[in-house]
Amino acid sequence: VISSNVLEESAVSDDILSPEEEGICAGKYFSEAGLVGLLEQAASSFNMAAMYEAINEVYKILLPVHEANRDFKRLAVVHGKLQDAFNKVHNQSSGWERMFGTYFRVGFYGSHFGDLDEQEFVYKEPSITKLAEISHRLEARVT
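Residues numbered from 1 in each chain as written. Predicted model: local features only at pLDDT ≥ 70, side-chain atom pairs only at ≥ 80, totals over all residues. Heavy atoms only, no water.

Caption draft 1: Representation of the overall build of the protein in the model. Within the protein one finds five helices and two strands. By the burial criterion, 20% of the 143 residues in the protein qualify as buried. Surface exposure of the protein reaches about 10900 Å², of which carbon and sulfur atoms provide 57%. (Helix = DSSP H or I, 4+ residues; strand = E, 2+ residues; numbered from the N terminus. Buried < 20%, exposed > 50% of the residue type's maximum accessible area, 1.4 Å probe, protein only. Areas by Shrake-Rupley, 256 points an atom, 1.4 Å probe, with all protein chains shown as cover.)

Caption draft 2: Representation of the packing of helix 2 (residues 32-48) against helix 3 (residues 52-68) within the structure. Contact geometry of helix 2 with helix 3 gives a least axis separation of 9 Å together with a crossing angle of 160°. In terms of orientation, helix 2 lies roughly antiparallel with respect to helix 3. Considering how the two elements wind past one another, helix 2 and helix 3 form a crossing that is left-handed. Where helix 2 abuts helix 3, its residues E32, V36, L39, E40, A42, A43, F46 and N47 lie against Y52, A54, I55, V58, Y59, I61, L62, V65 and H66. Of the residues that constitute the contact of helix 2 with helix 3, the class distribution is 13 nonpolar, two polar and two charged. (Axes fitted to C-alpha atoms, helices over the stretch in contact; angles between N-to-C directions. Parallel < 35°, antiparallel > 145°, perpendicular 65-115°, else oblique. Left-handed = near helix turned anticlockwise from the far one by under 90°. Contact = heavy atoms within 4.5 Å. Nonpolar A, V, L, I, M, F, W, Y, C, P; charged D, E, K, R; others polar.)

Caption draft 3: Focus on a nonpolar patch on the surface. A cluster of nonpolar residues, Y29, F30 and L38, forms a patch on the protein surface that exposes about 320 Å² of accessible area. For L38, the position within the fold is in helix 2. (Patch = residues over 30% accessible without salt bridge, like charges linked within 9 Å, V, L, I, M, F, W, Y side chains within 5 Å. Salt bridge = Lys/Arg side-chain N within 4 Å of Asp/Glu carboxyl O.)

Caption draft 4: Quick peek at the nonpolar core. Judged by nonpolar contacts, the single largest core of 14 residues is most densely connected at A43, I55, Y59, L62, L63, V78 and L82. Elements represented by at least two residues in this core include exactly helix 2, helix 3 and helix 4 (72-90). In this structure L63 touches L75, V78, H79 and L82, once residues within four positions along its chain are discounted. V106, F108, I134 and L138 belong to the second largest nonpolar core, which has five residues in total. (Core = buried A, V, L, I, M, F, W, Y, C linked by side-chain atoms within 4.5 Å.)

Rendered as structure tokens:
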């Protein structure tokens, strides 16, 4: 799932990054091989984070590239990794092993926050944490 404000929050919106500028998209990642490398790295990271469903989404992008290049060895490797990921999801005995953290974006605004004024942080909490709970905890810490 992609955030609806991804362009506002990223550094690649048209007002910051202009592909028309000379050399702006000439880095090693702005090629098919660069994209493939980044996607494989993403799949590996999702695997380490036990986010097995996301691996499938990454490989949905990679598979057509390997198919177009008729790279059957890499296709076999990708399908093997997909099989492993799907088996890990299927073999979970209960939902407790699959509980992910909840993330909260917290901003501090106002002079009473001192050095934290206009600072934003992302807090990772256990998946069962509610907004009111972290809000009260942060209020108690700051006041």
